[in-house]
Amino acid sequence: MKQLMKGNNALAEAAVRAGCRLFAGYPITPQSEILEYLSWRLPQAGGEFVQTESELAGINMIIGGAAAGQRVMTSSSGPGFSLKQEGISYLASIELPAVIVDVARFGIGLGDVTVGQGDYFQTTKGGGHGGYFIPVYAPSSIQENADFVVKAFETAEKYRTPVIVLSDASIGQMCGSVELPEQQYPKRDRFDWALGADGDRPPMGRKMTDRMYTDFAYEEYVPHICSRYNEMKENEQLWEEVQAEDAEVLLVSYGISSRICKEAVKIGRSLGLKLGLIRPMTVWPFPVKAFRKYNGKVKGYLAVEMIPIPQMIEDVYLAAHGAAPVYAMPTGREIASSEDIIENVKAILNGTKEVY
Amino acid sequence: MTKEFVFAGFGGQGVLTAGMILAYSGAAKNLDVTWIPSYGSEMRGGTANCTVKLGDEEVASPFPKAPDVLIAMNEPALLKFMPIVKPGGSIIINSSIVKTVPEPAGVKVYSVPANDIAADCKNERSANLCALGAAIAAAGDLLTLEDVEKGLCGYLAKIKNNESNIAVLKAGYRAVSESA
């Protein structure tokens, strides 16, 4: 049965139901409700909640919890999320499953607490050092805030990788109907790689370290990394299509902006425009498989993102593979409007909009 | 079908709560629901509004666009949102406070003296519930008065006896349904 919840609270409750045993993090608007909620709910469910002295402590505690084979999570936004990047790189390097939530806010530096989509590059291109990639889920509703957290834990364990849930201030702060997932009780000793053990089994013969120096011969490292990321790229693309089959122009948009795009598709169709939408649900791996179906058929892709200088459009450009023109619609610090989207689509169709 | 409601007034009039009760009732009926607020930092005074969308299909944008029903609890709220009310839509005007009732073309206007009706029910602070009842009657689809009654009791479960709140909700409903 559905119930009404705030986006951040639904995300937090879903983490508890996924069997999260440790949350360690630091408050920052617009994600503080996640901490507020988990501060009472997680201990109630038998887990540990730690409000750490900083974001750095939060992400590093998560490394410890993940090494013990537990479902662990941290969350932040804006500058707080930047502080976690070194730890994320270490999680990727040690190959540990963990969920990191970014409730994106607007702007560079301190920015603003209002909604924005400026963390696309940071989350999808490796915000930390060394050239890792990690799966990034981009919810666009309260329901997906809940569903994608569960999915994130599963994907994290499937590949032993950190996974990001890239929510945003609108989805986090608004209320909506949600059907919460079932409670899971993951067994602590379900992994043969985890440190520590239940019962009599001593935690011997396992180590957790940067694989590069110890577990691999140097020449095995690169193929290992390549196969790891190629497998995720091949298997984990998720997207939604809205009236894409016969579309002349395909909007491409994720998160809060994609909801306005859905409204624009509806309005556009009622005006006789052949308009559709590809909504990436994973922004890494980017759903290039969706574009392969429409490359060469559509008159253009219009990338709609809430940011002054577009970012996702670079992935759209690569996915279009030269087989369809790509157009930009960055909406700055305003949420897109259906009218503007439709004007852009008309301009594409009559040839007056400049190709990106 | 989706229905869009904008509840607008000044801070302290309970417009966010009225919208929340509607959204809560919709979720309990398994509708797709969004509730998104907009308000200043003041607890009292200032402007406050929220947009609620209910759908038996997926709700796309959660932001105000073309409300089927505008609930205007004061004059600035009316002036701000009246121009975007959907043709064929409705405006509930709190005529206890708004003295000049406009007659926009293609839109039904219901004057509901919400503060006075609430006071008559000996529940002065519940003008918002009166307006909510009126909005349900004006919307006419997706949710019944009974659904919202249940939603109100669920959302305000910490109040053991919601009878006087329900009385105001019903009085607001009648103010519109019996005027038609």
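Residues numbered from 1 in each chain as written. Chains lettered and ligands numbered in written order. Predicted model: local features only at pLDDT ≥ 70, side-chain atom pairs only at ≥ 80, totals over all residues.

Student: Can you break down the overall build of chain B residue by residue, with the values?
Tutor: Counting its regular elements, chain B contains 6 helices and 6 strands. Overall, chain B shows an N-to-C arrangement of helices and strands of β-α-β-β-β-α-β-β-α-α-α-α. Taken over C-alpha atoms, the radius of gyration comes to 15 Å for chain B, in line with the 16 Å a tight globule of 180 residues would show. When the backbone C-alpha atoms are referred to their principal axes, chain B occupies close to 40 × 40 × 40 Å. Taken over 180 residues, chain B has a buried fraction of 56%. For chain B, the proportion of contacts with a sequence separation of at least 24, taken over those separated by at least 6, is 59%. (Helix = DSSP H or I, 4+ residues; strand = E, 2+ residues; numbered from the N terminus. Rg over C-alpha atoms; globule rule 2.2 N^0.38 Å. Buried ≥ 20, exposed ≤ 12 C-beta atoms within 10 Å, placed from the backbone. Contact = placed C-beta atoms within 7 Å.)

Student: Give a detailed account of the environment of A:D102, specifying residues and quantitative values.
Tutor: Residue and element names in this part refer to chain A. Tracing the backbone through its elements, the reader meets D102 in strand β5 (residues 98–106). Classification of D102 by C-beta neighbours within 10 Å gives buried; the count is 24. Spatially, the C-alpha atoms of D102 and G80 are 9.2 Å apart, while their sequence positions differ by 22 residues. Those residues in contact with D102, other than ones at most four positions away along the chain, are S76, S77, F81, D119, T123, I164, L166 and S167.

Student: Account for the sheet that holds strand β9 (residues 175–178) of chain A, naming residues and giving values.
Tutor: The sheet built from 8 strands is open, its strands ordered β1(A)-β9(A)-β2(B)-β3(B)-β1(B)-β4(B)-β5(B)-β6(B) with mixed pairing. Strands at the two margins of the open sheet, each flanked by one partner only, are β1 (3–6) of chain A together with β6 (108–112) of chain B. Strand-to-strand twist in this sheet, taken as the mean axis angle between neighbours without regard to direction, amounts to 20 degrees. Sheet analysis places β9(A) next to strand β2 (residues 32–39) of chain B, joined by 2 bridges and oriented antiparallel. Bridging from a neighbouring strand, A:G176 pairs with B:T34 of β2(B). Across the face of the sheet, helix α7 (residues 142–159) of chain A comes into contact with β1 and β9 of chain A while running at roughly 60 degrees to β9(A). Packing of helix α4 (residues 127–139) of chain B onto the sheet brings it into contact with β1 (2–11), β4 (69–72), β5 (90–94) and β6 of chain B, and relative to β5(B) it is tilted by some 160 degrees. (Pairing = 2+ DSSP bridges. Axes fitted to C-alpha atoms, helices over the stretch in contact; angles between N-to-C directions.)

Student: I'd like a description of helix α14 (residues 338–349) of chain A, backed by residues and values.
Tutor: Residues and elements named next belong to chain A. Counted at 1.5 Å a residue, the expected span for α14 with its 12 residues is 16 Å, and the 16 Å between its end C-alpha atoms agrees. Listed as buried for α14 are S338, I341, N344, V345 and I348. The buried residues of α14 all sit within an arc of 125 degrees when viewed along its axis, so they share a single face. On its buried face, α14 sits against β11 (249–252), α11 (255–270), β12 (275–280), β14 (300–305) and β15 (326–330). Phi turns positive, to about 80 degrees, at G351, one or two residues after α14. (Expected span 1.5 Å × (residues − 1). Arc of directions from axis to C-beta.)

Student: Can you tell me about the domain arrangement of chain A, naming the residues and giving the values?
Tutor: How big an interface is tends to be reported as the loss of accessible area on association of its parts. All names here are of chain A. If you check the domain split of chain A, you get domain 1 (3–201 + 208–235) and domain 2 (239–349). Each partner contributes to the interface: domain 1 provides 22 residues, whereas domain 2 provides 19 residues. Those elements that provide at least two residues to the side of domain 1 that touches domain 2 are α6 (120–124), β7 (136–137), β8 (162–168), α8 (169–173) and α10 (218–235). Here the element with the most residues in the side of domain 1 that touches domain 2 is α6; it accounts for 4 residues. A class-by-class count of the residues in the side of domain 1 that touches domain 2 yields 13 nonpolar, 7 polar and 2 charged. (Domains from an automatic or database assignment. Nonpolar A, V, L, I, M, F, W, Y, C, P; charged D, E, K, R; others polar.)

Student: Quick one: what's the story with the interface of chain B and chain A, residue by residue and with numbers?
Tutor: With 15 residues of chain B at the interface, the matching set in chain A holds 14 residues. Elements represented by at least two residues in the side of chain B that touches chain A include exactly α1 (15–28) and β2 of chain B. Its residues assigned to classes, the side of chain B that touches chain A comprises 10 nonpolar, 4 polar and 1 charged.

Student: Quick rundown of the pairing of strand β3 (residues 48–51) of chain A? Include the residues and the values.
Tutor: Residues and elements named next belong to chain A. Here strand β2 (residues 22–25) runs beside β3; their pairing, made up of 4 bridges, is parallel. By the bridge assignment for β3, L22 is matched with E48. Following the chain from β2 across helix α2 (residues 32–44) to the adjacent parallel β3, one finds a crossover that is right-handed. (Right-handed = clockwise from strand over helix to strand, strands pointing away.)

Student: Lay out the packing of helix α1 (residues 7–17) of chain A against α2(A) in plain terms, naming residues and giving numbers.
Tutor: Any two packed helices are characterised by how steeply their axes cross, that is the angle between the axes, and by the distance between the axes. Residue and element names in this part refer to chain A. Put simply, α1 and α2 touch, their axes get as near as 8 Å, and they point 35 degrees apart. The way α1 lies across α2 gives a crossing that is right-handed. Two secondary-structure elements touch here, α1 through N8, N9, L11, A12, E13 and V16 and α2 through E33, I34, Y37, L38, R41 and L42. (Left-handed = near helix turned anticlockwise from the far one by under 90°.)

Student: Describe the sheet that holds β12(A), listing the residues and the values that go with them.
Tutor: Residues and elements named next belong to chain A. If you trace the 5 strands from one edge of the open sheet to the other, you get β10-β12-β11-β14-β15, paired in mixed fashion. Of all the strands in the sheet, just β10 (239–242) and β15 have a single pairing partner and so form its edges. Strand-to-strand twist of the sheet, defined as the mean angle between neighbouring strand axes without regard to direction, takes the value 20 degrees. Direction of pairing for β14 relative to β15: parallel, over a ladder of 5 bridges. Looking at the pairing, E305 lines up with P330 of β15. Relative to β12, α11 is tilted by about 165 degrees, and along the sheet it contacts β10, β11, β12 and β14. Contacts from helix α13 (residues 313–320) reach β11, β14 and β15 within the one sheet, and its direction differs from that of β15 by about 165 degrees.

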